Amino acid sequence: MREMSKRPLPSRHVQGTRVVEAPAVQAGSPVERADFRLLIPCLLLFAGSGCAALIYEIVWFQLLQLVIGSSAISLGLLLAMYMGGLCLGSLALPPFVSTRIHPLRVYAALEIGIGVFGIIALFGVPLVGHIYAAGALTGMPGLVFRGVIAAVCLLPPTVLMGASLPAISRWIETSPRGISWMGLLYSGNIAGAVIGCLGAGFYLLRVHDMGVATYAAAAINIAVATVAWVLAKRHYEAKSAPASVAPRFTSRAMAVYISIALSGTAALGAEIVWTRLLSLLLGATVYTFSIILAVFLIGLCAGSAAGSVWARRTKDPRLALSACQGFLIIAIGWAAFFIGKVLPYWPVDPSLATNPWFIFDLDLTRCIHAIFPATFVWGASFPLALAAAAAEGEDPARLTGQVYAANTAGSIIGALLFSLVLIQAIGTKGSEQLLIWFAAIAAAAAAGAAVLADRRRLDRALSHLGSAIGAALLLPWNIPGVPWQAIAYGRRSAFILHASELATGEPAPEPLFVGEGLNSSVVISRRGEQRFFYVSGKSEASSALLDMRLQRLMGHLPALFHTAPQSVLVVGFGAGVTAGSFVPYPEVRKIVICELEPLIPPASDQYFGQENYNVLRDPRTRIVYDDARHYILTAPEKFDVITTDPIHPWVKGTSTLYSKEYYELVKSHLNPGGIVAQWLPLYESDDETVKTELATFFSVFPNATVWGNYLNGDGYDLVLLGRNEDSSINVDQLQKRLDQPEYAKVAASLADVKFSSAVDLLAAYVGRAPDLAALLVNAPINEDLNLRLQYLAGMGLNSAAGPRLYNELLALRKFPEGLLTGNSERIEQLRTLFGRPHRTF
């Protein structure tokens, strides 16, 4: 799940560069007025920095997921290294960079360095990927190796990003007005991050590719550095900073650091939990993730602006910080209530609005309603924490570096704790309850800092503490979980829930299994005699005839077209029916199943064991819990058959399993005579999406064949077959094979889904690549560096073009001379079948 590009927090996404007053200048002096005039250009500079930083983050995460995989563990490692670099940079700059260097010049140098590393990453990450693939390990050593790769690629640029805040803060007085300026600049920086997030998600990567996005970000870095350097020359040189007091880790300051660290933990944890839930309810497209991230950043931006004003006017910023964390308790409760009780019942039928921009506007509105209040309060926390930790005469770079590092360190803990441990251990509901307690403890720590600073604040601090503890004791027990229907039906849950309330005479769906795992949320339900399998809001399999035909086709077509398959790789367990289709074959010696979510195989074994022939318990079966692409990249094994049945291409990150490079990787892992089968859905797809999928597969398998899953004359899915060696299919030999006693179970498996003979099976033929070439002229190719498919599929998500597309393909169908051979009677039967529509059942 994924995801993956989803991680805003109060201090992480933006390069915290700040410009404030010159040291020791009296109010109203010409120098102060000149500095005030610098505020607007500096706001624009910081906005540029934030914009470039967000573009880089999205690009780097996409590049690195191609190398170390997109599992929750891999994403956790990427997140930890990214934020770890910010943390290290914010701590490292103050002791190592002289105060005599003009802050804007240091800032300019950092921006140039970030741009250089951004360009290096674009070309260097694929090279690192080759090294990683050659030496990839398994188990704990493998995880350590993934961490090393992430560190090598991410730490150099992110250390520079983290250093930008303390670098520019050297032009600061740690006064209320100075910190107020800092908050405004921080807000401008996040505003730029919003632009970078939406610009990358909706334009740069949708229309262009990762290369163009990287060059755009680097150009922004160069422009920002140039302007910063010119400003440094035009305005007075920074004087040597006055001797600052040594850093004092007083108990008061430590309490502030604990509070802001816990705030960061809660912010990142909330983002992970809410992104998972919102992507369920809105549809997990790249655009949904961009919208969620943008709303999170908009809240931080507005909150930091308000917090900067509050920090300047408050008499005690520590009590203000405590109150801020107390407000978070209410805001977190509101978000949990809205996501669990309102959004699943918001009356929206996506199929009625095929214009994606209308849906995006609606998604933006729903996200703002849900999470904006909490993100606003988190945004206000950072400038208040700076004001609360400030000491007279302290080096501003050291102050900002320490507060920034504390917040970022807390965010790292939140990212790893919630994504890898808490969601699968206590669920999203339990995680939201825990978020409230994190906010309450943060409020208590800030109140404690107020008392340590001034004993006269004890009464007010106790009042804040009592309110926070009271709310934390009451609210968690009223946190609603999302209904199981939301996990099952996702973006269609409201429409289906309303429809089920009006339906009469039909059995209501009944949940058999509901689970929230490390990577996905899973539901298995029953309606009447049929069982349905859902993953993160998408129907992936069922015991209904239409789905059973597809799942059996995915297994039987490549197994029967291969002369004697002995080794099989199945990408995605699902209900286990495709993998189970290989169980009856006497020649098969090894069935390797690559599955991302550990919850799925045992649940499917329990409820679909009859349909999947208990493949999980078959001694020939081995389960690999990993991202399929990562497994194939690093595994030395080759196979006779590889079936790829991933989730829908509109799901963020899934297009890596539909790319040209992925198909080349799969082809390289086929034994001589090997066959690959690829699922291609026609429903929830538009013309350009389907044509891109076909053109990309055909670019690697130029003589590929296309087979249809149809029922009652309509087609719903396609199965693409590619081979590393061309060969014909003899209908007579195929039927003879099915008639053998040792193949009786294979024939019965096919008969269960209305394929009673070899002719019936071959009647599913739709076409082959050369015959469809005219339909695919100018169709885009989905490549690793553009991942074009996920952007096209996300736009065509609500399309109802599937039946029309299938009929267009059938209109081009003709008998494949040289591919199908056999006696004249069976061949004539096929010629007749190919000349008319599919039969009905």
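The structure we're discussing is the one just above.
J.: Give me the lowdown on the nonpolar core, citing residues and values where you can.
T.: Of all hydrophobic cores here, the largest spans 144 residues; its most connected members are Trp274, Leu297, Ile339, Trp378 and Val403. Setting aside anything within four residues of it in sequence, one finds Ile339 in contact with Trp274, Leu277, Leu278, Leu281, Pro344, Ala370 and Val482. Of all hydrophobic cores here, the second largest spans 103 residues; its members include Phe573, Cys594, Ile642 and Phe815.

J.: Can you explain the packing of helix H20 (residues 660–668) against helix H21 (residues 687–700)? Please cite residues and give values.
T.: Relative orientation and spacing of two packed helices are given, respectively, by the angle between their axes and the distance between those axes. In the contact formed by H20 and H21, the axes pass within 9 Å of each other and the chain directions differ by 40 degrees. Comparing the axis directions of H20 and H21 gives the class oblique. In this structure, H20 crosses over H21, and the sense of that crossing is right-handed. The residues of H21 that touch H20, namely those facing Lys660, Tyr663, Glu664 and Lys667, are Thr696, Phe697, Ser699 and Val700.

J.: Hey, could you go over the packing of aromatic side chains for me, with residue numbers and the actual values?
T.: Enumeration according to the criterion identifies 28 aromatic pairs in this entry. For the pair Trp334 and Phe338, a centre-to-centre distance of 5.4 Å together with 45 degrees between the ring planes defines the contact as tilted. Taken as a pair, Trp334 and Phe338 lie in helix H10 (residues 317–342) at a separation of four residues, close to a single helical turn. Residue Phe338 is classed as buried on the basis of its relative accessible area, which comes to 5%. Centre to centre, the rings of Tyr585 and Tyr743 are 5.7 Å apart; their planes meet at 85 degrees, and the pair counts as edge-to-face. With Tyr585 in the loop between helix H17 (577–580) and strand S6 (590–595) and Tyr743 in the loop between helix H22 (731–739) and helix H23 (744–751), the pair connects residues that are 158 residues apart, well separated along the chain. In terms of burial, Tyr585 and Tyr743 fall into one category: buried. Here the aromatic residues Phe202, Tyr287, Trp357, Phe360 and Tyr791 are joined through ring pairs into a cluster of three or more.

J.: So what about the environment of Thr644? Which residues, and what values?
T.: The topology assignment puts Thr644 in strand S8 (residues 639–644). For Thr644, the side chain forms a polar contact with the side chain of Tyr662, separated by 3.1 Å.

J.: So, the pattern of salt bridges: which residues are in play, and what are the values?
T.: Counted by the stated rule, this structure contains 20 salt bridges. When the shortest N-O distance is used, the salt bridge between Lys814 and Asp771 registers 3.9 Å. Of this pair, Lys814 sits in the loop between helix H26 (802–811) and strand S14 (820–821) while Asp771 sits in the loop between strand S13 (765–768) and helix H25 (788–795), placing them 43 residues apart in sequence. Residues joined by salt bridges that share partners form a network here, namely Arg491, Arg492 and Glu684.

J.: Describe unusual backbone geometry, with residues and values.
T.: The phi angle of most residues is negative, glycine excepted, and most peptide bonds adopt the trans form. Backbone geometry places Glu684, a non-glycine residue, at a positive phi of 55 degrees. The residue Glu684 is located in the loop between strand S9 (670–681) and H21 in this model. Here Glu684 falls in the buried class, since its relative accessible area comes to 15%. In the Ramachandran plot, Lys754 falls in the positive-phi region, its phi being about 75 degrees despite a non-glycine side chain.

J.: Residues and numbers for the side chain of Ser279, please.
T.: Following the sequence through the fold, Ser279 ends up in helix H8 (residues 251–282). A relative accessible area of 7% places Ser279 in the buried class. A distance of 2.8 Å separates a polar atom in the side chain of Ser279 from the backbone oxygen of Thr275. Other than its neighbours up to four places away in sequence, Ser279 contacts Ala284, Thr288, Phe289 and Ile292.

Definitions and limits used
- Residues numbered from 1 in each chain as written.
- Predicted model: local features only at pLDDT ≥ 70, side-chain atom pairs only at ≥ 80, totals over all residues.
- Heavy atoms only, no water.
- Core = buried A, V, L, I, M, F, W, Y, C linked by side-chain atoms within 4.5 Å.
- Buried < 20%, exposed > 50% of the residue type's maximum accessible area, 1.4 Å probe, protein only.
- Contact = heavy atoms within 4.5 Å.
- Axes fitted to C-alpha atoms, helices over the stretch in contact; angles between N-to-C directions.
- Helix = DSSP H or I, 4+ residues; strand = E, 2+ residues; numbered from the N terminus.
- Parallel < 35°, antiparallel > 145°, perpendicular 65-115°, else oblique.
- Left-handed = near helix turned anticlockwise from the far one by under 90°.
- Phe/Tyr/Trp six-rings, centres within 6.5 Å; stacked < 30°, edge-to-face > 60°.
- Polar contact = N/O pair within 3.5 Å; in protein donor to acceptor, adjacent residues only side chain to side chain.
- Salt bridge = Lys/Arg side-chain N within 4 Å of Asp/Glu carboxyl O.

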